[in-house]
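Examination of the molecular architecture
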Amino acid sequence: MVKKIFLRLGLVVVILFLTVPALSVSSNAADFSADMINKSPMGNIEGKMFFKGGNFRQEMMMGGQKQITIFRKDKEVVWVLMPAQMMYMEMQAGSRQNMAPVDPDQIDKLGGKKYLGKEKVNGYMCSKYRYTFHDKSSGTAIYWISDKLHFPIKMQTQGTSGSMSMEYRNIQEKTVPASLFNIPRGFQKMSMPMMPGQ
């Protein structure tokens, strides 16, 4: 059980690293949902994502079980839900466990940013940026941020741990229920396990 939790947390860290710019998205950005495709050295995973008011939710299958990650920008917290066990873990945004700052000013402190021009991705015109992180082990990252959605719909990183990417496809602009961003009734909170090196 503990080993599975570490694997899940490892993937959450990967996803959080890829979606750092998303945590600085304006709360006025439009609601939408999309199919999510994540590729990393840990394997390829497909799922769904939902965005509303600066908060977003990702659903994926891991080890044959559904896992849900909810990013609550308004509460500066990340919840990892395990429906099969009716349990969840909580991480404060910016903590060592999740490594993802919420304050947009913190994002610029991670490294230099260079504008690479415009490019159309999955039907959306995007502004393309390259980040070169001060932490050399993090390497570089390229983000395609939709001009309409004000959200990164494609991300690629290259670092010492290898290359990783995430892309959102089949984007549907429609109202997303606020209930998707709350912990379901009956779920029990579990303690965060100590990460290696702590």
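Our structure is the block above this text.
For the structure given in this document, a descriptive report is provided here. (Residues numbered from 1 in each chain as written. Predicted model: local features only at pLDDT ≥ 70, side-chain atom pairs only at ≥ 80, totals over all residues. Heavy atoms only, no water.)

1. With respect to the packing of aromatic side chains
Counted under the stated rule, the structure contains eight aromatic pairs. Aromatic pair Phe56 and Phe151: ring centres 5.8 Å apart, planes at 85 degrees, arrangement edge-to-face. Of this pair, Phe56 sits in strand 3 (residues 55-62) while Phe151 sits in the loop between strand 9 (140-146) and strand 10 (152-159), and the two are 95 residues apart along the sequence. Between Phe151 and Tyr168, the ring centres sit 5.8 Å apart and the planes meet at 55 degrees, which makes this aromatic pair tilted. Taken together, the residues Phe151 in the loop between strand 9 and strand 10 and Tyr168 in strand 11 (residues 162-172) connect sequence positions 17 residues apart. For Tyr168, a relative accessible area of 0% corresponds to the buried category. (Phe/Tyr/Trp six-rings, centres within 6.5 Å; stacked < 30°, edge-to-face > 60°. Helix = DSSP H or I, 4+ residues; strand = E, 2+ residues; numbered from the N terminus. Buried < 20%, exposed > 50% of the residue type's maximum accessible area, 1.4 Å probe, protein only.)

2. Description of the pairing of strand 3
Taking burial as the measure, the eight residues of strand 3 include seven buried ones, the bulk of the element. Both strand 2 (residues 43-52) and strand 3 contribute to a ladder of six bridges, which runs antiparallel. Across the sheet, Gly47 pairs through a bridge with Met60, a residue of strand 3. The antiparallel pairing of strand 2 with strand 3 creates a hairpin that spans two residues between the two strands, and Gly53 there sits at a positive phi of about 55 degrees. As defined by bridge partners, strand 3 adjoins strand 4 (residues 65-72) across seven bridges and the pair is classed as antiparallel. Counterpart to Met62 in the pairing with strand 4 is Gln65. Once strand 3 ends, the chain turns through two residues before running back antiparallel as strand 4, passing Gly63 with a positive phi of about 60 degrees. (Pairing = 2+ DSSP bridges.)

3. Details of the pattern of salt bridges
A full pass over the atoms with the stated rule returns 10 salt bridges. Residues Glu59 and Lys66 are paired through a salt bridge, measuring 3.6 Å at the closest nitrogen-oxygen approach. Of the residues examined, Glu59 reaches a relative accessible area of 14% and is grouped as buried. A residue is classified by how much of its surface remains accessible, and Lys66, at 39% relative accessible area, is partly exposed. We note a salt bridge from Arg72 to Asp74, for which the minimum N-O separation is 2.7 Å. Exposure remark for Arg72: the relative accessible area of 9% places this residue in the buried category. Each of Arg57, Glu59 and Lys66 takes part in one network of salt bridges that share partners. (Salt bridge = Lys/Arg side-chain N within 4 Å of Asp/Glu carboxyl O.)

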